[in-house]
Amino acid sequence: MRRFLLISLALLLFIGVVAGAGAYVMASKAPFLPGDWLFPTQIWAEQVWGLTFNHDAASRADVLLNLLERRLDNLEAVRGTADEWPALVIITNAMNQATQAIADAPETEWTRLRGRLTRLTERAIALMDGLDVMQGNEVETAVLNIYTQLQSLLAALTGSETAVAALPGLDGRPAGENSASETAVQDKRNTLPGSRRVPFPEGSVDHSFFPLNGGHGNIECETCHTNGTYQGTSAACAACHAQDDTHNGAYGADCATCHSISDWQNVNFDHSFIGSQDCAACHTAPVGHYAGACSACHSDTENFANATFNHDTIGGTDCVACHTAPAGHYSGACSACHSDTSNFRNATFNHATIGGTDCSACHAPPANHFNGECRACHQDTGNFRNATFNHATIGGTDCSACHAPPANHYGGECRACHQDTGNFRNATFNHATIGGTDCAACHAPPANHYGGECRACHQDTGNFRNATFNHATIGGTDCSACHAPPANHYPGACTACHTDTGNFRNVNFNHAGLTDCQSCHAPPANHFPGQCSDCHTTNTWGGASFNHTFPINHEGANGQCATCHPGGDTATYTCTSCHDYNKMDKEHDEENNYSHNCVACHANGKDPDD
């Protein structure tokens, strides 16, 4: 049994801790909105955690103001839904609590707390202006009563003469009546704190003489029956609403003449009462409205929007007194252009009236347009396209600010070459201004031109053809990269012979190892047609060694090779040019081993016996 009790107590303690923690989280986070089934529990948790252990009056007032601000957040969150009215009722209670708490706070805190309440009241009125329930059915009439009480509270808060204790609550009683002083007296009488009013049972009071509907259907009895007095209370509107009479008694004390009890805003006003009074005696003109007599335009009292304005009545008043000019519109007098008051678009602008105003005050220039003063070019106000640009006005502005250079144009400042603003093509380029820019940035070299830096040769910028090439700069580049060799020239590398880059003709050819002289050299006339290297050495061309065992002047040949070598073929020879083989055969009839190879026996051209 004891164990069961301990477990039960522990379980209850656990449940209490969890419930307390949940209530604390609910009070601090406030996740629920009016209409949620846990929202009443959330309000209870906020009161318990915020006020139960808080005995400082100023701190309690701050807590209740914070809760009021939270209720306004709730109203804004449910705006446009069916939960607007419940949220508004809860705000009413929160507003009363906050007002009473401020009255209980020390006087040193009143200014600060009153300022917070003022801001929250202003926000509440602004929120109510946008509610769906602020229309025209029975429930919304009760809302209108709250709206009126909020405006009364705001007027009292902003009026310096209203004491904090006298601030009107939304329950119809001053804040001081529920202050801590009254609570202390009740405690001494052993009354329960936080006691509730006991309502009359349903149907126990016959109130048919003054139907409690419309704006009177949701108010406390004490609002009309003050000081506990019920009998003898006047049913006349003025008995309670005299201070609310904006007409100052001009239309009598019987408000019901125009206003309906069920809907105060549903007014049936007979304007025949007003006589010669102007509408402005009751109605406030909208902001910026024409200041003349209302009846001059609003002659139809049944429909205020049915108005006809006679512009002839404005006299010297300019249009801007009532009409707002479009954005970027000319700021001069409207009547200077809009002389036809029946058709505002029928306007004629006289540009002669602009004085010193520049065109750009009204007209937007095209994209990338010159940003100088428009009138410098557009002097003909009758034709905007009739413009003459005086380039002398550009000052330090470069041409590129308006003109796009051609493709691959020099990227320097235009004015460096185009100094004649009357003729853009009359340009003189001063190459001294190019600095480190190479010629190739603007000039395309000829075909097969040397690929090095132009300035290495073309140092005279006044005459591009006056060039001096320093062959010392070519490095390992061969001459043939720029120079074409003569016809039948030796095909080897030029630098093998032309080592003097200052004089191309100063050549030193190394013939060592070469044997085919004829591939480069043509032999003289009647020269031995054999291979040159048979006679000539590469050391000296003149010191030739020709070994011809047969006399070249044999029998009158006199060095004419063709005598023995017809056709220039020195590889063979013949003796028949001078000797008849038939005769030779007879003469050598007795010789052994005879053949037509004469040289075999006559190597020196003579008889063997000689």
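Values in this document were obtained by computation on a predicted structure and should not be read as measured data.

A. Highlighting the pattern of salt bridges. Applying the stated criterion across every chain yields a total of eight salt bridges. Members of the salt-bridge network, linked through shared partners, are Asp62, Glu69, Glu109, Arg112 and Arg116.

B. Looking closely at helix α3 (residues 57–77). Helix length check: α3 (21 residues) gives 30 Å between terminal C-alpha atoms against 30 Å at 1.5 Å per residue, within 8%. Of the positions making up α3, those classed as buried are Ala58, Ala61, Asp62, Val63, Leu64, Leu65, Leu67, Leu68, Arg71, Leu72, Asn74 and Leu75. Its buried side turned inward, α3 meets α2 (39–51), α4 (84–104) and α5 (110–129).

C. Quick peek at the nonpolar core. Leu68 and Met128 are the most contacted members of the largest nonpolar core, which has 39 residues in total. Tallying contributions element by element places α4 first for this core, with nine residues.

D. The arrangement of unusual backbone geometry in detail. Even without a glycine there, the phi angle at Asn593 is positive, about 60°. Take Asn593: it is sitting in the segment after α9 (581–587).

E. Representation of a nonpolar patch on the surface within the structure. A contiguous nonpolar surface patch, about 520 Å² in accessible area, is contributed by Leu6, Leu9, Leu11, Leu12 and Ile15. If you trace the backbone, Leu9 turns up in helix α1 (residues 2–29).

F. Highlighting α2. The end-to-end C-alpha separation of α2 is 18 Å, in line with the 18 Å expected for 13 residues at 1.5 Å each. Within α2, burial applies to Phe39, Gln42, Ala45, Glu46, Gly50 and Leu51.

G. How the structure looks around the packing of α3 against α5. The interhelical angle for the contact between α3 and α5, taken along N-to-C directions, is 15°, at an axis separation of 11 Å. The orientation of α3 relative to α5 falls into the category roughly parallel. Seen from above, α3 lies across α5 with left-handed handedness. Contacts between α3 and α5 involve Ala61, Asp62, Leu65, Asn66, Leu68, Glu69, Leu72, Asp73, Leu75 and Glu76 on the former and, on the latter, Arg112, Leu113, Arg116, Leu117, Leu120, Arg123, Ala124 and Leu127. For the contact of α3 with α5, a count of residues per class yields ten nonpolar, one polar and seven charged.

H. Broad picture of the packing of α3 against α4. One way to put it is that α3 packs onto α4 with a least axis distance of 9 Å and a crossing angle of 165°. As summarised for this structure, α3 and α4 are arranged roughly antiparallel, according to the angle between their axes. Handedness of the crossing formed by α3 with α4: left-handed. For the pair α3 and α4, the contacting residues are Ala57, Ala61, Leu64, Leu65, Leu68, Arg71, Leu72 and Leu75 in the first and Glu84, Ala87, Leu88, Ile90, Ile91, Ala94, Met95, Gln97, Ala98, Ala101, Ile102 and Asp104 in the second.

Thresholds applied
Residues numbered from 1 in each chain as written. Predicted model: local features only at pLDDT ≥ 70, side-chain atom pairs only at ≥ 80, totals over all residues. Heavy atoms only, no water. Salt bridge = Lys/Arg side-chain N within 4 Å of Asp/Glu carboxyl O. Helix = DSSP H or I, 4+ residues; strand = E, 2+ residues; numbered from the N terminus. Expected span 1.5 Å × (residues − 1). Buried < 20%, exposed > 50% of the residue type's maximum accessible area, 1.4 Å probe, protein only. Contact = heavy atoms within 4.5 Å. Core = buried A, V, L, I, M, F, W, Y, C linked by side-chain atoms within 4.5 Å. Patch = residues over 30% accessible without salt bridge, like charges linked within 9 Å, V, L, I, M, F, W, Y side chains within 5 Å. Areas by Shrake-Rupley, 256 points an atom, 1.4 Å probe, with all protein chains shown as cover. Axes fitted to C-alpha atoms, helices over the stretch in contact; angles between N-to-C directions. Parallel < 35°, antiparallel > 145°, perpendicular 65-115°, else oblique. Left-handed = near helix turned anticlockwise from the far one by under 90°. Nonpolar A, V, L, I, M, F, W, Y, C, P; charged D, E, K, R; others polar.

So yeah, pure geometry; function would need other evidence.
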